[in-house]
Amino acid sequence: MRPLLGWAVKLGLVGLVLFAGFAVYLDAIVQEKFSGKRWTVPAKVYARPLELFVGQKLAKDDLLKEMDALGYRRESVANGPGAVAVSGNNVSLHSRGFQFYESAEQAQQVNVRFSGDYVASLTKADGKDLAVARLEPMLIGGLYPAHQEDRVLIKLDQVPAYLVETLVAVEDRDFFEHFGVSPKGIARAVWVNASAGQLRQGGSTLTQQLVKNFYLTNERSLTRKITEAMMAVLLELHYDKREILEAYLNEVFLGQDGQRAVHGFGLASQYFFSQPLSELKLEQVALLVGMVKGPTFYNPRRNPERALNRRNMILDLLAEQGVVSPEEAAAAKARPLGVTQRGSMANGSFPAFLDLVKRQLRQDYRDEDLTEEGLRIFTSFDPILQLKAEEALAETFKRQAGRKGSDEVEAGMVVTNPETGEIQALIGSRQPRFAGFNRALDAVRPIGSLIKPAIYLTALERPSQYTLTTRIQDEPFSVKGQDGQVWRPQNYDRKAHGSIYLYQGLAHSYNLSTAKLGLELGVPNVLKTLERLGVSRQWPAYPSMLLGAGALTPMEVTGMYQTIANGGFNTPLRGIRSVLTAEGEPLRRYPYQIQQRFDAGAIYLLQNAMQRTMREGTGRSVYSQLPSSLTLAGKTGTSNDSRDSWFAGFSQDLLTVVWMGRDDNGPTPFTGATGALQAWTGFMRRADPLPLDMPVPDNVVVAWVDAATGQGSAQNCPGAVQMPYIRGSEPAPGTGCGIQAPVDSVMDWVKGWLE
Amino acid sequence: MNKWLIPVLTASVVLGGCASVPRGSIPVVDSGSSAYEQDDRPGGGYNNAPAQAQQPQAMPEDSGVVVMVPGGGAPSAPIDTYAAPAGAPANGGGLTFDEPPLSSEPLGSPSYGNSAPSQPSTPSGIPSGNTGGGLAADEQLDGPVLALLTSAQQQQTGGDLNGAASSLERAQRIAPREPQVLYRLAEVRLAQGDAAQAEQFARRGLSYANGRPALQASLWDLIAKARQQQGDAAGAAQARERARVNL
C-alpha cells in the first residue's frame, strides 16, 4: 500500500513536472511569435496619384471613375475622408491623405470646378484657392511570397465604430471577461447544440481562434484542443485584451482571391469594398464579421444571398443585444451589400504592368525584401489611360472578329508620356486581365517600316545634302548582298512612284526610295542612328535591315520613338518612381534621366515629316476619327504579308506603340492601317491628348515653297506651302508669283545670301 | 527523485531558451542589399561623371537668376544666396526670372511676342497653344508649379536633395515644358554631384527658353558649371561665353 502510494506521488510529481515543462515550452512559443514581427507583409504597388490643379486636363467622369475605384462614398456633403459630393460641374471631395516620397499629403476637403474637360478652379473648404492636391494612389497589386498571404495591417484605433462590438457579440460574448477560455461560452455552446440537435455554435473564444490560426495546424484532435486552450490562457497572461484583439483583426482569414489569401479586416475591407477599414459603415462591418464563420460559404461575390442573410442576421443580433438601436439595424438591413465588382478599376488586375514593375524591382531588391517587408512601390501607372487602352484594343478585336485568322491575333501595347519618359499603361495580351506571355515586353517581332524614321533622320542630320524637299527617286533597283543574294525591294502597292520629295518617301512609306536612300547613307550609319535612338540590339548591316527585317519588342520600339517624340533627348523608360519602407521612410528613387542624342533641328524636321504621314500619308485614316486640330506624328509598320501590324505615334503628351500579330507568326487579316492603327486611333480618341507642338529650334527656319517644284515661293502664290529647313538649307526665296516681286523678299534673299 | 528532475528541468529550460530567441524582427535596412542606397543614381544610365559625394549645394555666385519665393518671413527677398541684379524688380508675387515684372504684368504683353492675351485662367500646366511666341503663358509661374518649386527650394535648403528632386519631377510632370522647372532640376542634380545630368537638363531647358534671354543666360551659366565639374574646361568657357552673349 505504502510503496504504491509513494509511486503514485512520484508519478504525479513527474506528471506535474512534465506538464510544467510543457507549459514553459508552450509559453516560449507563444511569446516568441507574438513579440517578434508577427506578420510578413508583401510589397504594395501603387498607381500614380491623381494630381489636381487649375488648368489640368481632366474629364469630370474620369475623376469620378477613379474616385469610385478608390471607394469614395457619394454623399450630399463631403464631410469626412473618403466622401465626395457631386453637383453639376462641381465635385467636392474629402481626400484621405497619404505619405508620398517627397511629402505627406494631408487629408483635406477639396472643391473642384470643371469647365469642359479642364479643372477651372480648385479651392479649400474655406473657399481659398488651392495650388495643387493629390488623391491617394490606387493600390494595383502586391508582390506575394510563396504562401501568398496578403494583409493590410491595421491598428486598433483605426477600426470603425461597431467592429469590435459586433465581433465580440457574434464570436465571443465574454471576450472582455474570460481568461482565454470561457467555461460559460462552452456551456452555452453545449446547451445550444444539444437543444438544437446539431452543431450550431462553437465554444472557442477569440483568443483560442487566434491561437489556432497563429500557432497550430488545422488538425482536429483532443490534444490539439488542449494545447490550444493552454496557449490561449498563456497568451492572456502575457498580453492585454487590446493586443490580442488587434492581432485577431489582422490574422483572421476572410477570403481567397485566386492564389492570394485575404487575411485581416484591413485587406478584406479593401478587397470587398475598396475602402479603408476606418470608413466602413455598420452594414459593411456586419458583413465582414459574418464572414469570419465561413469566408467561402458567405463570400458576398459568389453567394450574395447567403451573405445578405448572414449580414442581416447579425444586424438583428446587434439590435437584440442592444449594441445598436432597432432603427439603426433596420436602416442598415435596407442597404445593399455594396461590394465592388471584380474586374472594375478598383479590383482590376493589371498583370502586364505589374510584371514590368516586378522585373525592375527584382534587379534592385532581394525577393524576401519584396515579399516580407511591406515596401510601398510608387509607379507611374495611370489606371484611366490603361482602361482606355484596353477598351480601344477590345473594340479593335471586336471589329475584326469573324475574319479569317482573327481569333489567333494577339496584341501588345505601350503607352508613355514622352515628356517624362514614364510608362503609363501596358497591355501584354488580347485578354489584358490575364497574366501570361507579356508581349509588350517579350514579343520580339520584325519592325518593318517602323525603322524608316531612323533612315530619314540620318539623312536630315546632313542638311547640306538632304532637306524635306530634296528630290529622291522611287524606282526599282537591286543590290547584291554580302551573302551573294540579290536584294530586290518592292513597294507595298508594287508600283514605283518616280521622283518624289524626301518627306513623301516617309509619309507614304515607299520602300524603293527609302531603301535607296538608306543605301546612299550607308546601312552602318543607319544602324548607328538606331542605336542613338535607344535600340541596343546588334544587327548585321544587311540592306534588308533598311526595310525592318530586324526584330524588336513593343517596349524597345517605344524607347526608340520616345527619343524622337522628346526632341532628340533619349530617356530610359521608367515604370517606378520611388520606394518607401512600410513605415513611410524614403528608400529609393528612380529619377528622370535624359541625354541629348540628336540635334533639335533634325528632330523637328523628322517630326514634321511624321506629321505629314498622318495628314497625307499612310496614317491619314486617323483623322476620320480624330479632330484635325489634333496634330499627331506617327509611323505605320507592316512586316511581310502583314504578319506583324505595328503603329507607333505620338501627341505632345502621349506616345503609344501598338503591335498586333500571331504568336505562331501566321498570317493575319489586316494591313498596317487596319490592325494596329485602328487600336491606336481608338485609344487616342478616348485619351484626347494635347496636340503635338514642338518649339521651333534656333537653327530651323520656315520657308514658303512651291508645292509643285520645291522652289522658294512667296506666301501669296498659288500652291505655296510652308516647309521647315535647317537654316541655310532652305531654297532661295522665290521672286514672287506675279510680275511684282515684293521688295522685302528680295532683300531677304540678299541677306540670306550674305549670311 | 532529484535524478528525475534534473533532465526534465534541463530539457524545459533548454527548450524554453531555444524557443524564446526573438526572430523575424530583422529590419529592412540590415538586409545588406544594394537596393538600400538612398541614391538618385542607379547603376548604369547616364552617369558617366565620376561619382561624387553629396555636398551642400554649390549655389551660383552672381548669375542673373533670381528665384523668388513668396511667403515666409520676407516675401520680397530672394531665398537664393545670390543677389538680384540691379534693376530686377523684387516683387513677391511670383517665382520669376529677372525679366520684366512678370507676375504683375498682364500676359500677352508686347515683350512676349505675338500670343493673343491669354485668359487669366490659362494654367501653367498647359501649353498655350500659340503658334510662334513660345511660352508666353508660362512666363508667370503660378499655382501648382510655383507651389512645388517652393517646396523643392525648402527641401533643398534643408539638405533633402532627393526630396527636392522628387518635388521638382512632380512639377515637371505638371508643366513639362517650363524651363524654370528644368533649370531647378539641373541645379539640384549639380548639387547632388551629377554634373552630366545637370548639363542635360539645362540643355533641355534651353530648348524651351526661346525669347527669354535672361533665363537662357542662366541655363548656359549652369552648363558652364556642370562642364567645369566634369573637367571640361574648354566647354565650360564656351558655355560661359554663350551666357554672356545671351545677357
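Residues numbered from 1 in each chain as written. Chains lettered and ligands numbered in written order. Predicted model: local features only at pLDDT ≥ 70, side-chain atom pairs only at ≥ 80, totals over all residues.

Draft legend 1. View of the overall build of chain B. A count of helices and strands for chain B gives 7 helices and 0 strands. Shown N-terminal to C-terminal, the secondary structure of chain B runs as helices and strands in the order α-α-α-α-α-α-α. In chain B, the share of contacts with a sequence separation of at least 24, taken over all contacts with a separation of at least 6, comes to 49%. (Helix = DSSP H or I, 4+ residues; strand = E, 2+ residues; numbered from the N terminus. Contact = placed C-beta atoms within 7 Å.)

Draft legend 2. A look at the overall build of chain A. Scanning chain A from N- to C-terminus turns up 23 helices and 32 strands. Across its three principal axes, chain A shows a C-alpha extent of roughly 135 × 65 × 50 Å. Counted over contacts in chain A with a minimum sequence separation of 6, partners at least 24 positions apart contribute 68%.

Draft legend 3. Here's a closer look at the domain arrangement of chain A. Residues and elements named next belong to chain A. Parsing chain A into structural domains produces domain 1 (45-138), domain 2 (142-333), domain 3 (393-687) and domain 4 (700-754). On a C-alpha basis, the centroid separation for the pair domain 3 and domain 4 is 33 Å. On the side of domain 4, 9 residues touch domain 3, which itself brings 10 residues to the contact. By residue number, the principal contributor to the side of domain 3 that touches domain 4 is helix H21 (residues 600-615), which donates 4 residues. For the side of domain 3 that touches domain 4, a count of residues per class yields 5 nonpolar, 5 polar and no charged. (Domains from an automatic or database assignment. Nonpolar A, V, L, I, M, F, W, Y, C, P; charged D, E, K, R; others polar.)

Draft legend 4. The sheet that holds strand E12 (residues 149-151) of chain A, seen in detail. Residues and elements named next belong to chain A. The strand order across the open sheet formed by 3 strands is E12-E14-E13, and the pairing between neighbours is mixed. Every interior strand has two partners, whereas the edge strands, E12 and strand E13 (253-257), have only one. Strand-to-strand twist in this sheet, taken as the mean axis angle between neighbours without regard to direction, amounts to 30°. Sheet analysis places E13 next to strand E14 (residues 260-263), joined by 4 bridges and oriented antiparallel. Considered in E14, the bridge of Asp257 is made with Arg260. (Pairing = 2+ DSSP bridges. Axes fitted to C-alpha atoms, helices over the stretch in contact; angles between N-to-C directions.)

Draft legend 5. How the structure looks around helix H19 (residues 523-533) of chain A. Residue and element names in this part refer to chain A. When H19 is considered as a whole, its buried residues turn out to be Val526, Leu527, Thr529, Leu530 and Leu533. Relative to the axis of H19, the buried residues are bounded by an arc of 155° and lie together on one face. Two residues or fewer after H19 comes Gly534, characterised by a positive phi angle close to 120°. (Buried ≥ 20, exposed ≤ 12 C-beta atoms within 10 Å, placed from the backbone. Arc of directions from axis to C-beta.)

Draft legend 6. Geometry of the packing of helix H4 (residues 179-191) of chain B against helix H5 (residues 195-207) of chain B. Residue and element names in this part refer to chain B. It is at 8 Å that the axes of H4 and H5 come closest, and there the two elements cross at 170°. As judged from the angle between their axes, H4 and H5 are roughly antiparallel. Where H4 approaches H5, its residues Pro179, Leu182, Tyr183, Leu185, Ala186, Arg189 and Leu190 are matched on the opposing element by Ala195, Gln197, Ala198, Phe201, Ala202, Arg204 and Gly205. Of the residues that constitute the contact of H4 with H5, the class distribution is 10 nonpolar, 2 polar and 2 charged. (Parallel < 35°, antiparallel > 145°, perpendicular 65-115°, else oblique.)

Draft legend 7. Highlighting the nonpolar core. Of all hydrophobic cores here, the largest spans 185 residues; its most connected members are A:Ile377, A:Leu606, A:Val658 and B:Ala202. Each residue touching A:Ile377, except ones within four places of it in the same chain, is listed here: A:Ala43, A:Lys44, A:Val45, A:Tyr46, A:Val357, A:Leu361, A:Ile576 and A:Val579. With 50 residues, the next largest nonpolar core counts A:Leu235, A:Tyr248, A:Ala268 and A:Val289 among its residues. (Core = buried A, V, L, I, M, F, W, Y, C linked by C-beta atoms within 7 Å.)

Draft legend 8. Layout of the sheet that holds strand E5 (residues 90-94) of chain A. All names here are of chain A. Taken in spatial order, the 5 strands line up as E3-E4-E5-E8-E9 in an open sheet, and their pairing is mixed. Edge positions in the open sheet fall to strand E3 (73-74) and strand E9 (118-123), since each of these has one partner strand only. Contacts from helix H2 (residues 60-69) reach strand E4 (83-87), E5 and strand E8 (109-115), with the element oriented near 25° to E5.

Draft legend 9. Layout of helix H20 (residues 554-565) of chain A. Residue and element names in this part refer to chain A. The end-to-end C-alpha distance of H20, which contains 12 residues, comes to 16 Å, matching closely the 16 Å that a straight helix rising 1.5 Å per residue would cover. Counted residue by residue, H20 has 12 buried out of 12 residues, so it is predominantly covered. For H20, the set of buried residues is Pro554, Met555, Glu556, Val557, Thr558, Gly559, Met560, Tyr561, Gln562, Thr563, Ile564 and Ala565. Two residues or fewer after H20 comes Gly567, characterised by a positive phi angle close to 65°. (Expected span 1.5 Å × (residues − 1).)

Draft legend 10. Local environment of the environment of A:Ile472. Residue and element names in this part refer to chain A. Locating Ile472 in the fold gives a position in strand E19 (residues 471-474). Judged by local crowding, Ile472 falls into the buried class, with 21 C-beta atoms found within 10 Å. Taking C-alpha positions, Ile472 is 63 Å from Gly82, a pair spaced 390 residues apart along the chain. Every residue in contact with Ile472, bar those within four places of it in the chain, is listed here: Ile500, Leu502, Gly505, Ser513, Lys516 and Leu517.

Draft legend 11. Fine view of unusual backbone geometry. Residue and element names in this part refer to chain A. Even without being a glycine, Tyr162 presents a positive backbone phi close to 80°. Structurally, Tyr162 is set in the loop between E12 and helix H3 (163-171). A positive phi angle is found at Asn665, which is not glycine, with a value near 65°. As for its placement among the helices and strands, Asn665 is situated in the loop between strand E30 (655-662) and helix H22 (676-687).

Draft legend 12. Up close: the confidence of the model for chain B. Residue and element names in this part refer to chain B. Put simply, chain B has an average pLDDT of 63, and 43% of its residues get 70 or more. This model gives residues 9-45 a pLDDT under 50, and the stretch forms 53 contacts once residues within four places in sequence are excluded. Confidence drops under pLDDT 50 across residues 47-139; counting only partners more than four residues distant or on other chains, this segment forms 166 contacts. Scored as a complex, the prediction yields pTM 0.80 and ipTM 0.86. (pLDDT = per-residue confidence, 0-100.)

Draft legend 13. Fine view of the environment of B:Lys225. Position of B:Lys225 relative to the elements: it lies in helix H6 (residues 213-229). Distance from B:Lys225 to B:Phe201, taken between C-alpha atoms, is 13 Å for residues 24 residues apart in sequence.

Draft legend 14. Examining the packing of H5(B) against H6(B) more closely. Residues and elements named next belong to chain B. One way to put it is that H5 packs onto H6 with a least axis distance of 8 Å and a crossing angle of 160°. As judged from the angle between their axes, H5 and H6 are roughly antiparallel. In this structure, H5 meets H6 at a crossing whose hand is left-handed. When H5 is examined against H6, the residues Ala195, Ala198, Glu199, Ala202, Arg203, Gly205 and Leu206 are found in contact with a partner set consisting of Gln216, Leu219, Leu222, Ile223, Ala226, Arg227 and Gln229. Partitioned by chemical class, the residues of the contact of H5 with H6 number 8 nonpolar, 3 polar and 3 charged. (Left-handed = near helix turned anticlockwise from the far one by under 90°.)

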